[in-house]
Amino acid sequence: MIRAVLIAALALAFLPAIAFAATPPTCLPRAERAWVRVLPAPMPMNAGYLRLRNTCAAPLAIVAASSPAYGEVSIHETRTVDGVSRMREVAELPLAPGATVEMKPGGLHLMLMRPTAPVRIGQRVRIDLHLKDGRRLPVEFEARAAAP
């Protein structure tokens, strides 16, 4: 009986430490200046831009994105190679502790395909950024004709 009580007391004493160690990190990157470019004529695609800051002590990585406003969202990068502009999909966007990554026209961006409804200037569009550790960062993007 005393042995069972002692084991229970030890388990209770270490439970907070065990629970803390099993809890996933709560720090998320900060999203700033998020906007979606709206073209003058309806198009089957748009592009999204923002600044991401990793204010966390640990490295993070964005591995995907999704939105109820678009059928498909992916991370792309435009680069000029031998005078030719080329776009490629980015499988993982690493964010080192303290790092800032800028998604802007002509560089990294979100490719927003198949809008579920017309996106209008001034509208707010939610896009979720999926982190490598399984968490999501929901971000509100403002629909604009040009960069803020």
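Quantities reported herein were computed from a predicted structural model and do not represent experimental measurements.

S.K.: Help me get a handle on the state of the cysteines, residues and values and all.
M.R.: Using the criterion set out here, one finds one disulfide in the structure. A sulfur-sulfur separation of 2.0 Å characterises the disulfide bridge that pairs Cys27 with Cys56. Judged by the sign of its S-S torsion, about -95 degrees, the cystine formed by Cys27 and Cys56 is left-handed. Placement of the pair is Cys27 in the loop between helix H1 (2–22) and strand E1 (30–37) and Cys56 in the loop between strand E2 (45–53) and strand E3 (60–66), with a sequence separation of 29 residues. Looking at Cys27, the relative accessible area reads 28%, which means it is partly exposed.

S.K.: Would you mind going over the side chain of Asn46 in detail, with residue names and values included?
M.R.: Note on placement: Asn46 falls in strand E2. Of note is the side chain of Asn46, whose polar atom sits 3.1 Å from the backbone oxygen of Arg37. Not counting residues within four places of it along the chain, the set of residues in contact with Asn46 comprises Val36, Arg37, Val38, Leu39, Tyr70, Leu110, Met111, Leu112, Pro115 and Val119.

S.K.: Give me the pattern of salt bridges: which residues, what numbers.
M.R.: According to the stated counting rule, one finds 12 salt bridges in the structure shown. For Arg53, the salt bridge goes to Glu32, with nearest N and O atoms at 2.8 Å. With Arg53 in strand E2 and Glu32 in strand E1, this residue pair connects regions lying 21 residues apart in the sequence. Linking Arg79 and Glu77 is a salt bridge whose minimum nitrogen-to-oxygen distance equals 3.4 Å. Several salt bridges converge on common partners, so that one network encompasses Arg30, Glu32, Arg51, Arg53 and Glu102.

Rules of the game
- Residues numbered from 1 in each chain as written.
- Predicted model: local features only at pLDDT ≥ 70, side-chain atom pairs only at ≥ 80, totals over all residues.
- Heavy atoms only, no water.
- Disulfide = S-S within 2.5 Å.
- Helix = DSSP H or I, 4+ residues; strand = E, 2+ residues; numbered from the N terminus.
- Buried < 20%, exposed > 50% of the residue type's maximum accessible area, 1.4 Å probe, protein only.
- Polar contact = N/O pair within 3.5 Å; in protein donor to acceptor, adjacent residues only side chain to side chain.
- Contact = heavy atoms within 4.5 Å.
- Salt bridge = Lys/Arg side-chain N within 4 Å of Asp/Glu carboxyl O.

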